[in-house]
Amino acid sequence: MEDGDPSTQHAAVIKAGWLDKNPPQGSYIFQRRWVKLDTDYLRYYDSDKDMYSKRMIKTSAITRVASMGDQKFEVATSNRNFMFRAESDAERNDWVKAFQQILDERKTKVLSASTSTQENPDKFGPLEMKGCKPKLFVVVAADKVYLYKNGEDFFSGVGITSIDMNVGNVKEVDKKCFDLTTPYKTFSFIADSEQERAEWVEA
């Protein structure tokens with residue numbers, strides 16, 4: 001596998017496929033999402049070509065997964081529930097089974113794996129991203145940068161995406177701005193001050 005291969009970024013995918021996702025407002029309009037599940041995260045994307053997820057949920061944050069009838073299933077975390085719909089009951093059952101397998105393994109491994117790099121981050125805090133209001137909660141841990149909507153989401157394990165810096169680099173743009181450039185996308189950030197920008201860039 002080459003270094004630039006995006007599949008090296010994440011743990012092995014246990015299950016992937018198209019699911020309909022119910023938006024958080026609880027409206028009945030489902031949106032098609034490309035969904036991937038590995039031992040560490042459930043992630044979903046606008047398309048199967050996207051490198052960066054719209055949303056990622058730590059599997060350790062998932063409290064339960066339950067079938068809901070009509071090909072639907074619910075993924076519950078401590079502060080939010082996510083509703084998905086598969087194309088058939090059989091497909092839905094496969095997803096639920098895959099989640100169950102991870103949750104069961106988590107229970108047995110929970111004592112040995114209680115510290116992850118993300119729990120000892122190099123730097124974290126609110127940071128403005130160009131074209132995105134309000135500020136995001138950004139976490140730099142080892143060679144990854146994690147984006148969250150806010151601090152509360154970080155603590156509950158529900159994030160937006162992670163950026164692998166093995167394939168990326170940081171560029172200072174001006175006094176307060178810097179870019180994280182990857183082969184797939186550039187993320188532009190705006191710090192509150194020059195000093196703060198320097199700290200982020202260093203991390």
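If you're wondering where the values come from, they're calculated on a predicted model, not measured in any experiment.

Asks: Just checking my understanding: could you explain the sheet that holds strand β6 (residues 72–77) for this structure?
Replies: Through backbone hydrogen bonds, the strands of a sheet pair up, either in parallel or in antiparallel fashion. Strands sit in the order β5-β6-β7-β1-β2-β3-β4-β11 across an open sheet of eight strands; the sheet is antiparallel. Since the sheet does not close on itself, it has two edges, and those belong to β5 (62–69) and β11 (158–159), each with one partner. Where β5 lies against β6, six bridges are found, and the strand directions are antiparallel. Note that in β6 the partner of Ser 67 across the bridge is Phe 73.

Asks: How should helix α3 (residues 194–202) be read in this particular structure?
Replies: Residues separated by three or four positions in an α-helix point in the same direction, a consequence of the helix having 3.6 residues per turn. Along α3, the positions that sit buried rather than exposed are Glu 196, Arg 197, Trp 200 and Val 201. One side of α3 holds all its buried residues, which, seen down the axis, span an arc of 135°. Turned more than 90 degrees off the buried face of α3, the exposed positions are Gln 195 and Glu 202. Contact partners of the buried residues in α3: β8 (123–129), β9 (132–141), β13 (169–172) and β14 (177–181).

Asks: What should I look at first to understand the packing of aromatic side chains in this one?
Replies: By convention here, two paired aromatic rings are described through the distance between centres and the angle between planes. One pass over the full model with this rule turns up 13 aromatic pairs. Considering the side-chain rings of Tyr 52 and Tyr 184, the 6.3 Å spacing of their centres and the 65° angle between planes classify their relative orientation as edge-to-face. Highlighted residues: Tyr 52 in the loop between β3 (41–45) and β4 (55–58) and Tyr 184 in the loop between β14 and β15 (186–190), separated in sequence by 132 residues. Taken together, the ring pairs connect Tyr 44, Phe 73, Phe 84, Trp 95 and Phe 99 into an aromatic cluster. The residue whose ring lies beneath Arg 85 is Phe 30, and the NZ or CZ to ring-centre distance is 4.1 Å. Here the guanidinium or amino end of Lys 123 rests over the ring plane of Trp 200, the centre of that ring lying 4.7 Å away.

Asks: Looking at this structure, how should I read the pairing of β3?
Replies: As a general feature of sheets, a regular strand has side chains that alternate between the two faces. β3 sits mainly inside the fold: five of its five residues count as buried. Judged by which residues are buried, β3 turns out to be covered on both faces: Tyr 41, Arg 43 and Tyr 45 on one side and Leu 42 and Tyr 44 on the other are all buried. Here four bridges tie strand β2 (residues 31–38) to β3, and the two strands are oriented antiparallel to one another. Note that in β3 the partner of Val 35 across the bridge is Tyr 44. Hairpin connection between β2 and β3: a loop of two residues separates the two successive antiparallel strands. Pairing of β3 with β4 involves four bridges; the strand directions are antiparallel. Within β4, the residue paired with Tyr 44 across the bridge is Arg 55.

About the cut-offs
- Residues numbered from 1 in each chain as written.
- Predicted model: local features only at pLDDT ≥ 70, side-chain atom pairs only at ≥ 80, totals over all residues.
- Heavy atoms only, no water.
- Pairing = 2+ DSSP bridges.
- Helix = DSSP H or I, 4+ residues; strand = E, 2+ residues; numbered from the N terminus.
- Buried < 20%, exposed > 50% of the residue type's maximum accessible area, 1.4 Å probe, protein only.
- Arc of directions from axis to C-beta.
- Contact = heavy atoms within 4.5 Å.
- Phe/Tyr/Trp six-rings, centres within 6.5 Å; stacked < 30°, edge-to-face > 60°.
- Lys NZ or Arg CZ within 6 Å of the ring centre and 35° of its normal.

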